[in-house]
Amino acid sequence: MPLYIVPTPIGNLEDLTYRAARVLREADLIACEDTRRTRQLLQHYGISTPLMSCHEHNERARTRELVARLRAGDTVALVSDAGTPLISDPGDHLARTAIAEGLPVIALPGACAAITALSASGLSANGFRFVGFLPAKSKARRAALAELASEPVTLAFYEAPHRLPAFLQDACAILGDRPAVVARELTKLHETYERGALSALAARFEAEPPRGEIVVLIAGQALAAAPPPAEAALMAEVERRMADDGISATEAIRQTAQRYGLPRRQVYQQWLRRTDASIATEGR
Ligand code: SAM
């Protein structure tokens with residue numbers, strides 16, 4: 001019988017899929033990180049499937065028991081406290097062992113903080129590298145960041161709120177002042193996206209330490225290191241954004257500056273020069 005990998009909500013209880021609810025209801029056993037936390041979720045959906053704890057400290061021992069249950073014909077659903085199991089969460093050893101033993105492993109699609117943040121970040125989602133948590137100590141964190149410096153795709157990190165200012169400072173020092181996004185409390189009441197250059201975000205969160213759960217996305221090296229386009233191309237992009245997206249010049253300037261990691265004032269001054277020049281030409 002299969003091992004189902006079942007994502008659960010990352011804050012909003014409506015984000016459990018119909019299929020996930022059915023699989024959790026029909027399973028013989030749910031393996032979960034924290035039984036109290038999963039019980040709350042199951043109570044919300046009126047599901048009474050038995051639970052077994054399977055967390056980072058007992059996953060190896062539990063894997064033996066769970067694989068035996070799967071072999072005996074039971075269906076097991078694996079969940080974590082929130083989001084997709086195995087994504088910065090337990091389950092890797094269990095899933096690999098089940099696959100190695102020739103048992104069917106079926107993953108359901110569902111909530112994941114990194115993917116949710118990436119979709120609305122405004123950074124390139126064509127390719128990305130999920131990194132998760134970096135080491136807590138600055139020296140080790142800087143070393144890990146240095147290994148990511150030439151990655152051309154968007155980088156996705158998880159970070160604790162009290163470490164965010166130091167993380168952003170280290171990222172700016174090692175990767176350069178790239179465009180980045182701090183996504184907080186996704187799917188919850190106080191969901192926010194803060195977009196800007198790493199230095200500005202570091203200063204912002206240093207001044208006002210954040211709360212809640214956090215995903216940090218940082219532009220990949222290719223975009224960040226690419227020389228900004230010439231002034232005429234930049235102005236053409238501002239105009240295209242205004243026309244295509246129906247946004248104001250101020251917003252189009254902000255977005256264009258952010259895309260290339262340029263100071264907004266610089267793009268704004270170019271825009272003013274251009275507007276003045278066209279008025280002067282019309283007046284002739
Ligand atoms: N497996 C989960 C997933 O699929 O996203 C991640 C689990 S990891 C232990 C928890 C971290 O994910 C948090 O510290 C935070 O960085 C991020 N996270 C989880 N929920 C979040 C949310 N609602 N908003 C922002 N970040 C979140």
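**Digging into the pairing of strand S7 (residues 154-159)**
With six of six residues buried, S7 lies mostly within the body of the structure. Here S7 shows no split at all, with Thr154, Ala156 and Tyr158 on one side and Leu155, Phe157 and Glu159 on the other all buried. Where strand S6 (residues 128-133) meets S7, five bridges bridge the pair, whose relative direction is parallel. Paired with glycine 132 across the two strands is phenylalanine 157, which belongs to S7. On the question of chirality, the crossover connecting S6 to the parallel S7 by way of helix H6 (residues 138-148) is right-handed. Sheet analysis places S7 next to strand S10 (residues 214-218), joined by five bridges and oriented antiparallel. Along S10, the bridge assignment pairs tyrosine 158 with valine 215.

**With respect to the site of the ligand**
Residues in close proximity to the ligand total 18 residues, the closest being Thr84, Ile87, Asp89, Tyr158 and Ile214. One nitrogen or oxygen atom from the main chain of alanine 113 is found 2.8 Å from an oxygen atom belonging to the ligand. Residue leucine 186 places a main-chain N or O atom 2.9 Å away from a nitrogen atom belonging to the ligand. When the ligand sits alone it has 570 Å² of accessible area, and the protein chains cover 89% of it.

**Quick look at the layout of surface pockets**
A volume near 510 Å³ is recorded for the largest pocket. In terms of lining, the largest pocket is formed by 26 residues, of which the most central are Ala82, Ala113, Phe133, Tyr158 and Glu213. Among the elements of the structure, S7, strand S8 (179-184) and S10 are those that each provide at least two residues to the lining of the largest pocket. For the lining of the largest pocket, a count of residues per class yields 13 nonpolar, four polar and nine charged. Two domains each provide a minimum of three residues to the lining of the largest pocket, namely domain 1 (3-107) and domain 2 (113-218).

**Re the environment of leucine 189**
Within the fold, leucine 189 resides in the loop between S8 and strand S9 (192-197). Taking the C-alpha atoms as reference, leucine 189 lies 8.8 Å from asparagine 12; in sequence the two are 177 residues apart.

**A look at helix H8 (residues 198-207)**
Because an α-helix completes one turn every 3.6 residues, residues spaced three or four positions apart along the sequence face the same direction. Among the residues of H8, those classed as buried are Leu198, Leu201, Ala202 and Phe205. Buried residues along H8 cover an arc of 100° about the axis, so they all sit on one side. Considering only its buried residues, H8 is in contact with helix H7 (164-175), S8, S9 and S10.

**A word on the domain arrangement of the chain**
By domain assignment, the chain separates into domain 1 (3-107), domain 2 (113-218) and domain 3 (231-282). The gap between the C-alpha centroids of domain 1 and domain 2 is 29 Å. With six residues of domain 1 at the contact, the number on the domain 2 side is 10 residues. Between domain 1 and domain 2, the buried area comes to about 550 Å², and carbon and sulfur atoms account for 61% of it. Contact with domain 2 buries surface across domain 1, with Ile10, Ile87 and Ser88 losing the most and accounting together for 76% of the total. On inspection of domain 1 and its partner domain 2, the count reaches zero salt bridges.

Cut-offs applied
Residues numbered from 1 in each chain as written. Predicted model: local features only at pLDDT ≥ 70, side-chain atom pairs only at ≥ 80, totals over all residues. Heavy atoms only, no water. Buried < 20%, exposed > 50% of the residue type's maximum accessible area, 1.4 Å probe, protein only. Helix = DSSP H or I, 4+ residues; strand = E, 2+ residues; numbered from the N terminus. Pairing = 2+ DSSP bridges. Right-handed = clockwise from strand over helix to strand, strands pointing away. Near = heavy atom within 4 Å. Polar contact = N/O pair within 3.5 Å; in protein donor to acceptor, adjacent residues only side chain to side chain. Areas by Shrake-Rupley, 256 points an atom, 1.4 Å probe, with all protein chains shown as cover. 1 Å grid on protein atoms, 1.4 Å probe; cavity = no way out; pocket = protein on both sides within 12 Å on 5 of 7 lines; lining within 4 Å. Points joined across faces, edges and corners; volume = space filled by probe spheres on them. Nonpolar A, V, L, I, M, F, W, Y, C, P; charged D, E, K, R; others polar. Domains from an automatic or database assignment. Arc of directions from axis to C-beta. Contact = heavy atoms within 4.5 Å. Buried area = accessible area lost by both parts, 1.4 Å probe. Salt bridge = Lys/Arg side-chain N within 4 Å of Asp/Glu carboxyl O.

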